[in-house]
2 protein chains.
Amino acid sequence: MALKRLTRQRKAVLEVVKRAHNHPDAAWIYQEVRKVVPKVSLGTIYRTLEALVEEGYLIPITKAGEATRYDANLHPHLHLVCQGCGAIVDLEVDLPDLLTPVQEAYPQLEVREVEVAYKGLCPTCKAALKG
Amino acid sequence: MALKRLTRQRKAVLEVVKRAHNHPDAAWIYQEVRKVVPKVSLGTIYRTLEALVEEGYLIPITKAGEATRYDANLHPHLHLVCQGCGAIVDLEVDLPDLLTPVQEAYPQLEVREVEVAYKGLCPTCKAALKG
DNA sequence: CTCACTGCAAAACGTTTGCATTGAT
DNA sequence: ATCAATGCAAACGTTTTGCAGTGAG
């Protein structure tokens, strides 16, 4: 892939996601970018997000059956999806090594990556549940 | 939800998935069931699979951007998705408790579930890569 | 001046749904 | 006889793509 040109659309997408606090999806980003570049198309949003992910500026948060959301927080971290409101909470935790025990138990495999995702309740929804 | 009737279609779907060794998706199951019930519809496949999951006969393996696959192996286990051929390998491993450390680090959250998924190479693809 | 990027629209993809009909109980 | 389950087809939401036109370098 050739060098990327810094267009108005691309700038806007980057800014919007960096400013976003909600781990937004393409549709939300589209609405926001339209406030600045009214004629932007969803296709461009997708293509730009794909490029920004490839370049390492964004991390995609994928979940089956749901739209991909994007995280501008490049710090290594995990996510908890709130089962109450759908919010995604960033988690900074040190987990034990999960690769080695599996690799040792299954030497005939090549174990390369693990993905860990949490579900539960965000502070607001947890507080709302009790008193 | 009312009691389930045991129709030809439902029997066929259950049999096909139980016999399958590939963690098949709805489309694959559809093709197989059609060999026995030629007029079955994809909608019925989906509705039946949904019911079988609800009743606990099947476990869905979901991955963003890919079709849901189904596992008749009800034993608690993890999966490794082969990055070479897409095969899913069952893993029987005891992982350390991943819930407690996060719950303790984030008492304001309610941490309910963790999902762990591995990526790597199945034995065949690993062997093919080397000599 | 080039060709990467764009807008637009159509289509792809897995999945769900509405509805009239069928068939298990 | 009942009404859960079916076949069919249309629709869904997300994402991708083809193509002619635009604009950043």
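Further up the page is the structure itself.
Residues numbered from 1 in each chain as written. Chains lettered and ligands numbered in written order. Predicted model: local features only at pLDDT ≥ 70, side-chain atom pairs only at ≥ 80, totals over all residues. Heavy atoms only, no water.

A separate point is the overall build of chain A. Looking only at helices and strands, chain A features 5 helices and 5 strands. Helices (α) and strands (β) of chain A occur, in sequence order from the N terminus, as α-α-α-β-β-β-β-α-β-α. For a compact globule of 131 residues, the expected C-alpha radius of gyration is about 14 Å, and chain A comes in at 18 Å, more than 25% above that figure. For chain A, the spread of C-alpha atoms along the principal axes amounts to about 55 × 50 × 25 Å. For chain A, with 131 residues in total, the buried portion stands at 35%. When contacts within chain A are restricted to residue pairs at least 6 apart in sequence, those whose partners lie at least 24 apart make up 41%. Surface summary for chain A: the accessible area is close to 8000 Å², and the carbon and sulfur share equals 54%. Mean positive and mean negative side-chain charge positions of chain A (17 and 16 charges, respectively) differ by 13 Å. (Helix = DSSP H or I, 4+ residues; strand = E, 2+ residues; numbered from the N terminus. Rg over C-alpha atoms; globule rule 2.2 N^0.38 Å. Buried < 20%, exposed > 50% of the residue type's maximum accessible area, 1.4 Å probe, protein only. Contact = heavy atoms within 4.5 Å. Areas by Shrake-Rupley, 256 points an atom, 1.4 Å probe, with all protein chains shown as cover. Lys, Arg positive; Asp, Glu negative; His and termini not counted. Charge placed at Lys NZ, Arg CZ, Asp CG, Glu CD.)

Looking now at the relation of the copies chain B and chain A. Of the two same-sequence chains, chain B is brought onto chain A (RMSD 0.1 Å, axial shift 0.0 Å) by a rotation of 179°. What the superposition gives is, in effect, a two-fold axis relating one chain to the other. Among all C-alpha atoms of chain B, that of B:Ala64 lies closest to the rotation axis, at 1.8 Å. (Least-squares fit on C-alpha atoms with pLDDT ≥ 70 in both.)

Moving on: the protein's contact with DNA strand C. Lining the immediate environment of DNA strand C, one finds 20 residues, of which A:Thr7, A:Thr44, B:Arg5, B:Tyr46 and B:Thr68 sit closest. Counting only atoms of DNA strand C within 4 Å of the protein, the fraction found in sugar and phosphate groups is 68%. One nitrogen or oxygen atom from the main chain of A:Lys39 is found 3.4 Å from a phosphate oxygen belonging to DNA strand C. In this structure, B:Thr68 approaches DNA strand C through a main-chain N or O atom, which is 2.8 Å from a phosphate oxygen. Of all the elements in the fold, those that place two or more residues in the surface near DNA strand C are α1 (8-19) and α3 (42-54) of chain A together with α3 (42-54) of chain B. Sorting elements by how many residues they give to the surface near DNA strand C places α3(B) first, with 4 residues. (Near = heavy atom within 4 Å. Polar contact = N/O pair within 3.5 Å; in protein donor to acceptor, adjacent residues only side chain to side chain.)

Before going further, it helps to examine the state of the cysteines. Residues and elements named next belong to chain A. Applying the stated criterion across every chain, the model contains 0 disulfides over all chains. Of the cysteine sulfurs around Cys 122, a residue in no disulfide, the closest is that of Cys 82, at 3.7 Å. Overall, the relative accessible area of 6% leaves Cys 122 in the buried class. (Disulfide = S-S within 2.5 Å.)

This is a description of form; function is not addressed.
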